[in-house]
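# Coordinate analysis (summary)
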Amino acid sequence: MSDIISMVTVSYGKNKNHLKFQGFIPLYDPNRLYEFDFIGTEVELNTHMEEATKKQLRKQLCDDFGYAPFDIIEVQRVFGNGKDYEVD
């Protein structure tokens, strides 16, 4: 069964090497906003997620945003009004 992760915001995290996303994972809890910390080679979040699923998400984020250091103007252009990611 596939999960949809709906990212709704993006900003710099600790520095230009980190992107902080907020998004929803409806299969987990449709009303909870989760936080995702992405550094290009890793993605961490404030809930448990299987490593294989995190790897799929990381690959999709890399495809969209590349690797650090990030250019926030380009990140926001690609992000637009939000992005959905499908993971298993």
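These figures come from a predicted structure and were not determined experimentally. (Residues numbered from 1 in each chain as written. Predicted model: local features only at pLDDT ≥ 70, side-chain atom pairs only at ≥ 80, totals over all residues. Heavy atoms only, no water.)

## A few points about the packing of aromatic side chains
The final tally for this structure, using the stated rule, is 5 aromatic pairs. Summarising the aromatic geometry, the rings of Phe21 and Phe65 are spaced 5.5 Å apart at their centres and angled 50 degrees between planes, so their arrangement reads as tilted. One end of the pair, Phe21, is in strand S2 (residues 19-25); the other, Phe65, is in helix H1 (residues 51-65), and 44 residues separate them in sequence. For Phe21, a relative accessible area of 0% corresponds to the buried category. A relative accessible area of 10% places Phe65 in the buried class. Judged by centre distance (5.7 Å) and plane angle (35 degrees), the ring pair of Phe38 and Phe70 falls under tilted. (Phe/Tyr/Trp six-rings, centres within 6.5 Å; stacked < 30°, edge-to-face > 60°. Helix = DSSP H or I, 4+ residues; strand = E, 2+ residues; numbered from the N terminus. Buried < 20%, exposed > 50% of the residue type's maximum accessible area, 1.4 Å probe, protein only.)

## Some thoughts on the pattern of salt bridges
One pass over the structure, following the stated rule, counts 5 salt bridges. For the salt bridge of Glu51 with Lys54, the shortest nitrogen-to-oxygen distance reads 3.3 Å. On the criterion of helical spacing, the pair formed by Glu51 and Lys54 is a turn pair, its members being 3 residues apart in helix H1. Classification of Lys54 by relative accessible area gives buried; the value is 12%. The shortest N-O distance in the salt bridge between Lys83 and Asp64 comes to 3.4 Å. With Lys83 in strand S5 (residues 83-87) and Asp64 in helix H1, this residue pair connects regions lying 19 residues apart in the sequence. Residue classification places Lys83 among the partly exposed positions, given a relative accessible area of 22%. The exposure class assigned to Asp64 is partly exposed, which follows from its relative accessible area of 26%. Through salt bridges with shared partners, one network takes in Glu44, Glu51 and Lys54. (Salt bridge = Lys/Arg side-chain N within 4 Å of Asp/Glu carboxyl O.)

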